[in-house]
Amino acid sequence: MTARVSWLDGMMFVGESGSGHSVVMDGAPDHGGRNHGIRPMEMLLLGMGGCSAFDVVQILKKGRQPIAGCRIEIEGDRAETDPKVYTRIVMRYVVFGDGLDLARVERAVALSAEKYCSASIMMGKTAEIEHVIELRPAAAARDAEV
């Protein structure tokens, strides 16, 4: 994998992935930014969530679970001093579907956390990671904020 980050101006950067996708990153005004993009440390949480969501959805689909939607809400606490690494992360998995087996969803989350999600495993080197699972009916997926 490859990536490139280029400075635009102020504290704004564009990140380009080797697969051809781009994202704008910017700092808060109190750090010289203009708040026109995502913070780099937020990107870490998003990458971790995306990695784990990919695993969980794939595992549940392969297991023929009736999954209609999946959302991971992530909260991270950082150290007070530099380097301000994440020290605690809570990942709330909201999985939508009628007739989902809670034990199978728990197993999918555990497999992601312990075996497949490289991002979670790396972040777990500095942060305590808590996984919370919530099952909701399939109809609620249509009304869920995405």
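Residues numbered from 1 in each chain as written. Predicted model: local features only at pLDDT ≥ 70, side-chain atom pairs only at ≥ 80, totals over all residues. Heavy atoms only, no water.

### With respect to the overall build of the chain
Next up, step 1: Broken down by element type, the chain carries four helices and six strands.
Next up, step 2: Listing each helix as α and each strand as β along the chain from the N terminus yields β-β-β-α-β-β-α-α-β-α.
Next up, step 3: Taking the principal axes of its C-alpha atoms as reference, the chain extends roughly 50 × 30 × 30 Å.
Next up, step 4: For the chain, buried positions account for 30% of its 146 residues.
Next up, step 5: For the chain, the exposed surface amounts to about 9,400 Å²; the carbon and sulfur share of it is 54%.
Next up, step 6: Each charge class in the chain can be summarised by its mean position, and for the 17 positive and 20 negative side chains these summaries are 7 Å apart. (Helix = DSSP H or I, 4+ residues; strand = E, 2+ residues; numbered from the N terminus. Buried < 20%, exposed > 50% of the residue type's maximum accessible area, 1.4 Å probe, protein only. Areas by Shrake-Rupley, 256 points an atom, 1.4 Å probe, with all protein chains shown as cover. Lys, Arg positive; Asp, Glu negative; His and termini not counted. Charge placed at Lys NZ, Arg CZ, Asp CG, Glu CD.)

### What about the packing of aromatic side chains?
Next up, step 1: Applying the stated rule across the entire model yields zero aromatic pairs.
Next up, step 2: The ring of Tyr86 has Arg78 sitting right over it, with the charged end atom 5.8 Å from the ring centre. (Phe/Tyr/Trp six-rings, centres within 6.5 Å; stacked < 30°, edge-to-face > 60°. Lys NZ or Arg CZ within 6 Å of the ring centre and 35° of its normal.)

### Overview of the environment of Ile129
Next up, step 1: For Ile129, the location among the structural elements is in strand E6 (residues 128-136).
Next up, step 2: Sequence-wise, Ile129 and Gly37 are 92 residues apart; in three dimensions their C-alpha atoms are separated by 26 Å.
Next up, step 3: Discounting residues that sit within four places of it in the chain, Ile129 has contacts with Met48, Ile89, Met91, Ser120, Met123 and Gly124. (Contact = heavy atoms within 4.5 Å.)

### Points about the packing of helix H1 (residues 40-62) against helix H2 (residues 102-116)
Next up, step 1: Two numbers describe how H1 lies on H2: the axes approach to 9 Å, and their chain directions differ by 135 degrees. As summarised for this structure, H1 and H2 are arranged oblique, according to the angle between their axes. Relative to H2, the crossing made by H1 is right-handed. Note on element contacts: H2 touches H1 through Arg104, Val105, Ala108, Val109, Leu111, Ser112 and Tyr116, opposite Ser52, Asp55, Val56, Ile59 and Leu60.
Next up, step 2: Here the residues of the contact of H1 with H2 are counted per class, giving eight nonpolar, two polar and two charged. (Axes fitted to C-alpha atoms, helices over the stretch in contact; angles between N-to-C directions. Parallel < 35°, antiparallel > 145°, perpendicular 65-115°, else oblique. Left-handed = near helix turned anticlockwise from the far one by under 90°. Nonpolar A, V, L, I, M, F, W, Y, C, P; charged D, E, K, R; others polar.)

### Re the pairing of strand E2 (residues 12-17)
Next up, step 1: Bridge count for strand E1 (residues 3-9) against E2 is six bridges, and the pairing is antiparallel. Paired with Arg4 across the bridge in E2 is Glu16.
Next up, step 2: The antiparallel hairpin formed by E1 and E2 contains two residues in its connecting segment, where Gly10 sits at a positive phi of about 55 degrees.
Next up, step 3: Across four bridges, the pairing between E2 and strand E3 (residues 22-25) is antiparallel. The residue of E3 that forms the bridge with Val14 is Val24.
Next up, step 4: Counting the residues that bridge the hairpin from E2 to E3 gives four residues, and of these Gly20 lies at a positive phi of roughly 95 degrees. (Pairing = 2+ DSSP bridges.)

### Describing the pattern of salt bridges
Next up, step 1: Following the criterion strictly, the structure yields six salt bridges and no others.
Next up, step 2: Ionic pairing is found between Glu16 and Arg4, a salt bridge with its closest N-O pair at 3.1 Å. On the criterion of sequence distance, the pair formed by Glu16 in strand E2 and Arg4 in strand E1 is long-range, its members being twelve residues apart.
Next up, step 3: Classification of Glu16 by relative accessible area gives partly exposed; the value is 28%.
Next up, step 4: Look at Arg4 and you get exposed, because its relative accessible area is 52%.
Next up, step 5: One salt bridge in this structure joins Glu73 and Arg71, with 3.0 Å as the shortest N-O distance.
Next up, step 6: You can call Glu73 partly exposed: its relative accessible area is 34%.
Next up, step 7: Among the charged side chains, a salt-bridge network with shared partners connects Arg92, Glu134 and Arg136. (Salt bridge = Lys/Arg side-chain N within 4 Å of Asp/Glu carboxyl O.)

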